[in-house]
Amino acid sequence: MKSDIEIALEADLEPIQKVAEKLGINEDELDLYGKHKAKLTDELWNRIKARPDGKLILVTAINPTPAGEGKTTTTVGLGQAMDKLGKKAVIALREPSLGPCFGLKGGAAGGGYAQVVPMDDLNLHFTGDFHAITSANNLLAAMLDNHIQQGNALNIDTKQIVWKRCVDMNDRVLRNITVGLGRKVDGVTREDHFIITVASEIMAILCLAENMKDLKERLGRIIVAYTYEGNPITAKDLHAVGAMAALLKDAIRPNLIQTLEHTPALVHGGPFANIAHGCNSIRATKTALKLADYTITEAGFGADLGAEKFLDIKCRMAGLKPDAIVLVATVRALKYNGGVSKDKLNEENLEALKKGIVNLEKHIENVAKYDVPCVVTLNQFVSDTPAELSYVREFCEARGCEFALSQVWEKGGEGGVELANKVIETIETKESHFHCLYEDSLSLKEKMTTIAREIYGAGEVIFEPAVEAQIARIESLGFGNMPVCMAKNQYSLSDDKSVLGRPENFPIHIREVYVSAGAGFVVAITGTIMTMPGLPKVPAAEGIDVSDDGRITGLF
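Residues numbered from 1 in each chain as written. Predicted model: local features only at pLDDT ≥ 70, side-chain atom pairs only at ≥ 80, totals over all residues. Heavy atoms only, no water.

Student: Which residues make up helix 16 (residues 386–397), and what are the values?
Tutor: With 12 residues, helix 16 extends 16 Å between its outermost C-alpha atoms, agreeing within 8% with the 16 Å of an ideal straight helix rising 1.5 Å per residue. Here helix 16 has its buried residues at Glu388, Leu389, Val392, Phe395 and Cys396. The arc enclosing the buried residues of helix 16, seen along the axis, measures out at 130°, which places them on a common side. For helix 16, exposure combined with an orientation more than 90 degrees from the buried face picks out Pro386 and Glu394. Against the buried residues of helix 16 lie helix 13 (331–337), helix 14 (350–356), helix 15 (358–368), strand 18 (374–379) and strand 19 (402–406). (Helix = DSSP H or I, 4+ residues; strand = E, 2+ residues; numbered from the N terminus. Expected span 1.5 Å × (residues − 1). Buried < 20%, exposed > 50% of the residue type's maximum accessible area, 1.4 Å probe, protein only. Arc of directions from axis to C-beta. Contact = heavy atoms within 4.5 Å.)

Student: Would you mind going over the pairing of strand 21 (residues 484–487) in detail, with residue names and values included?
Tutor: Burial of strand 21 is two-sided: the residues Val484 and Met486 facing one way and the residues Cys485 and Ala487 facing the other way are all buried. With four bridges connecting them, strand 21 and strand 23 (residues 521–526) associate as parallel partners. By the bridge assignment, Val484 is partnered in strand 23 with Val522. (Pairing = 2+ DSSP bridges.)

Student: Please give an account of the nonpolar core that cites residues and values.
Tutor: Ranked by internal contacts, the top residues of the largest apolar core, which has 127 residues, are Leu219, Ile222, Leu360, Val392, Met448 and Ile510. Beyond its immediate chain neighbours, meaning those up to four positions away, Leu360 contacts Ile62, Leu327, Ala329, Leu334, Val376, Val392 and Cys396. (Core = buried A, V, L, I, M, F, W, Y, C linked by side-chain atoms within 4.5 Å.)

Student: Quick rundown of the pattern of salt bridges? Include the residues and the values.
Tutor: By the definition in use, this model includes 34 salt bridges. Of the charged contacts, one joins Lys488 and Asp304 as a salt bridge, the two residues approaching to 2.8 Å between their closest N and O atoms. With a gap of 184 residues between them, Lys488 in the loop between strand 21 and strand 22 (508–516) and Asp304 in helix 12 (residues 303–318) connect regions that are remote in the sequence. Of the two residues, Lys488 and Asp304, neither departs from the other in class, the shared state being buried. Through salt bridges with shared partners, a single ionic network connects Glu361, Glu365, Arg399, Arg502 and Glu504. (Salt bridge = Lys/Arg side-chain N within 4 Å of Asp/Glu carboxyl O.)

Student: Pulling in residues and values, what's your account of the sheet that holds strand 12 (residues 223–227)?
Tutor: Spatial ordering of the open sheet is given by 7-12-13, a layout of three strands whose pairing is antiparallel. Either end of the sheet is taken by a strand with one partner, and the two such strands are strand 7 (156–161) and strand 13 (232–234). Strand-to-strand, the axes of this sheet are offset by a mean angle of 50°, without reference to chain direction. In the sheet, strand 12 pairs with strand 13 via three bridges, with the strands oriented antiparallel. Residue Ala225 lies in a different strand from strand 13, and its bridge partner there is Ile233. (Axes fitted to C-alpha atoms, helices over the stretch in contact; angles between N-to-C directions.)

Student: So what about the side chain of Thr526? Which residues, and what values?
Tutor: Take Thr526: it is sitting in strand 23. Setting aside its immediate chain neighbours within four residues, Thr526 contacts Met486, Ala487, Lys488, Asp495, Ile508, His509, Ile510 and Arg511.

Student: I'd like to hear about the packing of aromatic side chains, residue by residue, with values.
Tutor: One pass over the full model with this rule turns up two aromatic pairs. Plain terms: the ring middles of Tyr370 and Phe434 are 6.5 Å apart, the flat faces sit at 15° to each other, and that makes the pair stacked. With Tyr370 in the loop between helix 15 and strand 18 and Phe434 in the loop between helix 18 (417–429) and helix 19 (444–456), this residue pair connects regions lying 64 residues apart in the sequence. For the residue pair Tyr370 and Phe434, the accessibility class agrees, reading buried in each case. Between the aromatic rings of Tyr391 and Phe395, the centroid separation amounts to 6.2 Å while the plane-to-plane angle is 40°, which identifies the pairing as tilted. (Phe/Tyr/Trp six-rings, centres within 6.5 Å; stacked < 30°, edge-to-face > 60°.)

Student: An account of the environment of Tyr370 is needed here, citing residue identities and associated values.
Tutor: The class of Tyr370 is buried, set by a relative accessible area of 2%. Excluding residues within four positions of it along the chain, Tyr370 makes contact with Glu308, Leu311, Asp312, His433, Phe434, His435, Cys436, Leu437 and Ile455.

Student: Kindly report on unusual backbone geometry, identifying the contributing residues and their values.
Tutor: The step from Val117 to Pro118 runs through a cis peptide bond, and the omega angle for that step is 5°. Phi at Asn152 takes a positive value of approximately 55°, unusual for a residue other than glycine. One non-glycine residue, Asn505, lies in the positive phi region at around 55°. When you line up the elements, Asn505 lands in the loop between strand 21 and strand 22. The class of Asn505 is exposed, set by a relative accessible area of 66%.

Student: Run through the side chain of Asn337, naming residues and quoting values.
Tutor: Its place among the elements puts Asn337 in helix 13. Not counting chain neighbours up to four residues away, the residues in contact with Asn337 comprise Thr65, Gly356, Asn359, Leu500 and Gly501.

Student: Tell me about the packing of helix 7 (residues 129–149) against helix 10 (residues 241–248), and please be specific about residues and values.
Tutor: Where helix 7 contacts helix 10, the two axes come as close as 8 Å, and the packing angle between them is 165°. With respect to helix 10, the axis of helix 7 lies roughly antiparallel. Where helix 7 crosses over helix 10, the handedness of that crossing is right-handed. Mapping the contact onto sequence places Ala132, Ile133, Ser135, Ala136, Leu139 and Leu140 in helix 7 and Ala243, Met244, Leu247 and Leu248 in helix 10. In the contact of helix 7 with helix 10, the residues fall into nine nonpolar, one polar and no charged. (Parallel < 35°, antiparallel > 145°, perpendicular 65-115°, else oblique. Left-handed = near helix turned anticlockwise from the far one by under 90°. Nonpolar A, V, L, I, M, F, W, Y, C, P; charged D, E, K, R; others polar.)

Printed below as a string of structure tokens:
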């Protein structure tokens, strides 16, 4: 079969105006970025905002493995299948980060015959949203350092600067740096840090802001440092809000593209789910709900990360209520969780499948905690045997889950019809009684402990000594009622990425806690999670090239 990028480059794309017509969007409600990309205008939202919402479907997955799960592929394929059934559907996805594209993970456009296109544009610069976020982040950093250089009227303690610079690239040497070296006019010498753009608070703010007014208010609340007396200094104190908002004025508007089968897709925002809240923008999701009968969205990595944050952070803040959750797995990934090496995953192994399916079982139980109907789907591979498929089906149905096979990677929308019918049937026959996992009134430690024990399956939650002081300060500043964004590795339910399956009663180590006051949540860093990833020994960048006629090759 052809590679993902070969399929994408050979696709016959419709003009974006024609795609927009399917959702009743007028041409003057689009700002075109070439032939196949557009941003939606505020005039569109003002026209449709009073409409009733369609149905909201969240696609999530088991913990990712090298065997592959296909969460985004399933999301895209489900949207295409809805289209085939004559349903008015729209897909709402995150934008890919350059870091994984050139690193290890690859892009985020789906795969096979269930992709959003133009895939090469999407995975690289797209409409410039990430560049705008990076620029706004680093403008604030520059204004902070300039304020200190110009006399430090705010009495900022340079040992208590918490705002970091960012770049949308995996670049480990920038994690810890020294700035201000050289002459006196080159600034105050101090230790500084970089994070990847998708972990920037400005990325989270962009994705959670309802409109420009809300965006500016959130930007103003960003805490960049503390004074010698311990008082917080904000972006508003530095008079940086207006200029940052100017950089973000276009980035805040959702982007419209299409799938290989011309199903509309709103792709906007891209916080990582292991180090940020892992969901596309509230604006894109709410717009999609007004434009279509079914909105299919996804949350990053496994349900322990992306789905938990979608439900406990995004839905809480935006007042959203999912009508169904699709939980994606593969037989290969379940066998990998059962101890099978990657080179033997094509062989039937029911014992390993039975051993590894406990990972899926835990995610089924977690979804049930939110009282939202669940459909489990297996992203089918040709190596899957009838016995393996039957075992997973019976396992899920015995636990009250609906089940459907998916072949969208190979067959596009046609391969997702069984899943689409099952999702529609589930929504029509089972009512969602969605609620968050914890109340705002709990203390921060209680919220972190609830997530660790209820969602991860942990026993003891260990708060390192420095964390106790960090939590006390955050609560004293009035941020104790915020939800918690847990930063954890994606490969395991625990904070140790090597522990597969369903570990139980393990310790979780909370090693750093800080407030993202503008975003509206508190971040808890667990284990060895990094907010600036590094490149692998053989980065994907080594295989990416451009042909003489300008066609990009090697993206996946």
